[in-house]
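Working through the structure, step by step
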Amino acid sequence: MTDQATGTEAAPPGKPTSASRTTLSHIMTHADTNLLGTVHGGVIMKLVDDAAGAVAGRHSGGPAVTASMDEMAFLEPVRVGDLVHVKAQVNWTGRTSMEVGVRVLAERWNESTPATQVGSAYLVFAAVDEEGKPRRVPPVLPETDRDERRYQEAQIRRTHRLARRRAIMELRERRAAEGLDD
Ligand SMILES: CC(C)(COP(=O)(O)OP(=O)(O)OC[C@H]1O[C@@H](n2cnc3c(N)ncnc32)[C@H](O)[C@@H]1OP(=O)(O)O)[C@@H](O)C(=O)NCCC(=O)NCCS
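First, a word on scope: everything that follows refers to the structure included in this document. (Residues numbered from 1 in each chain as written. Predicted model: local features only at pLDDT ≥ 70, side-chain atom pairs only at ≥ 80, totals over all residues.)

1. So, the overall build of the protein
- The number of helices and strands found in the protein is two helices and seven strands.
- Secondary structure of the protein in N-to-C order comes out as β-β-α-β-β-β-β-β-α.
- Overall, the protein is about 60 × 45 × 35 Å in size when its C-alpha atoms are taken along their principal axes.
- Put simply, the protein has 182 residues, and 31% of those count as buried.
- Look at the contacts in the protein between residues 6 or more apart in sequence, and 72% of them connect residues 24 or more apart. (Helix = DSSP H or I, 4+ residues; strand = E, 2+ residues; numbered from the N terminus. Buried ≥ 20, exposed ≤ 12 C-beta atoms within 10 Å, placed from the backbone. Contact = placed C-beta atoms within 7 Å.)

Written out as structure tokens, the structure reads:
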């Protein structure tokens with residue numbers, strides 16, 4: 001990875017988690033199904049990326065691109081006629097990147113039964129300038145104990161992402177140095 005963050009300017013002032021927290025809701029129809037008749041995972045992933053992107057844009061005050069999506073878990077099938085709520089918030093901020101945590105809930109569109117959690121995901125967004133280069137993001141200010149726990153857990157995921165990436169790069173460099181080609 002390069003360090004191309006725009007300039008060496010100080011970080012913008014911090015923003016509380018609630019300032020960018022967002023919910024995106026959508027009723028699932030037959031156009032959203034897979035061959036089994038339940039909702040296609042890719043439809044849910046698109047909603048997750050959309051909601052997380054809105055949060056990242058709001059928090060960073062400008063464009064932000066998806067750098068990675070990990071731990072997308074599908075806990076229960078989603079059905080036609082489900083009203084799906086995708087809830088997203090900034091869990092953690094670095095210099096130019098943000099981790100956005102997303103929970104996906106579903107309830108029948110015409111019943112007043114409680115919504116159940118059907119999925120979750122963690123996405124990393126990089127804030128970018130008009131040339132697509134990473135730019136500074138405001139530090140997120142956790143407001144509740146739950147926000148604080150999410151911040152700490154996101155730091156653990158960040159550490160693991162960097163370590164995994166570094167280990168793979170080192171392996172590739174070693175193999176290339178030994179003349180091994182894929
Ligand atoms: C994401 C992107 C801007 C990163 O650019 P880069 O030159 O690697 O820049 P950097 O190495 O400075 O990384 C910028 C930040 O993103 C983070 N990042 C970059 N790649 C990452 C990845 N795969 N996973 C997690 N974080 C990542 C870095 O850790 C850094 O965070 P920090 O500043 O908070 O420490 C660039 O790879 C890109 O434009 N990718 C395409 C994004 C896109 O089009 N998404 C939509 C998919 S269709």
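2. Quick notes on the environment of P134
- Tracing the backbone through its elements, the reader meets P134 in the loop between β6 (116-127) and β7 (140-141).
- Overall, the presence of 22 C-beta atoms within 10 Å leaves P134 in the buried class.
- Linking P134 and V65, residues 69 residues apart in sequence, is a C-alpha distance of 9.4 Å.

3. A short note on the pairing of strand β4 (residues 82-93)
- For β4, the tally of buried residues reaches nine of 12 residues, placing the bulk of the element in the interior.
- Across 11 bridges, β4 lies against strand β5 (residues 97-108) in antiparallel orientation. Paired with H85 across the bridge in β5 is L105.
- What sits between the antiparallel neighbours β4 and β5 is a turn of three residues. (Pairing = 2+ DSSP bridges.)

4. A closer look at unusual backbone geometry
- Phi is positive for E71, which is not a glycine, with a value near 55 degrees.
- Note on E71: 10 C-beta atoms within 10 Å, which makes it exposed.

5. Details of the sheet that holds strand β2 (residues 22-27)
- Overall, antiparallel pairing links the five strands, which are arranged β2-β4-β5-β6-β3 in an open sheet. Strand pairing shows two members of the sheet lacking a second neighbour, β2 and β3 (64-74), which therefore form its edges. Each neighbouring strand pair of the sheet contributes to a mean axis angle of 20 degrees, computed without reference to strand direction.
- Across the sheet, helix α1 (residues 41-60) is in contact with β2, β3, β4, β5 and β6; its angle to β5 comes to roughly 135 degrees.
- Contacting β4, β5 and β6, helix α2 (residues 145-177) crosses the sheet at an angle of about 75 degrees to β4. (Axes fitted to C-alpha atoms, helices over the stretch in contact; angles between N-to-C directions.)

6. Thoughts on the nonpolar core
- If you look at the biggest cluster of nonpolar residues, it comprises 33 residues, and the most contacted ones within it are V48, A52, V100, V102 and F125.
- Within the residue set of this core, elements represented by two or more residues are α1, β4, β5 and β6.
- No other element matches β6, which puts eight residues into this core.
- Those residues in contact with V100 that sit more than four places away from it in its chain are A52, V55, A56, A88, Q89, V90, N91, L123 and F125. (Core = buried A, V, L, I, M, F, W, Y, C linked by C-beta atoms within 7 Å.)

Take it as geometry only, folks, not as evidence of what the structure does.
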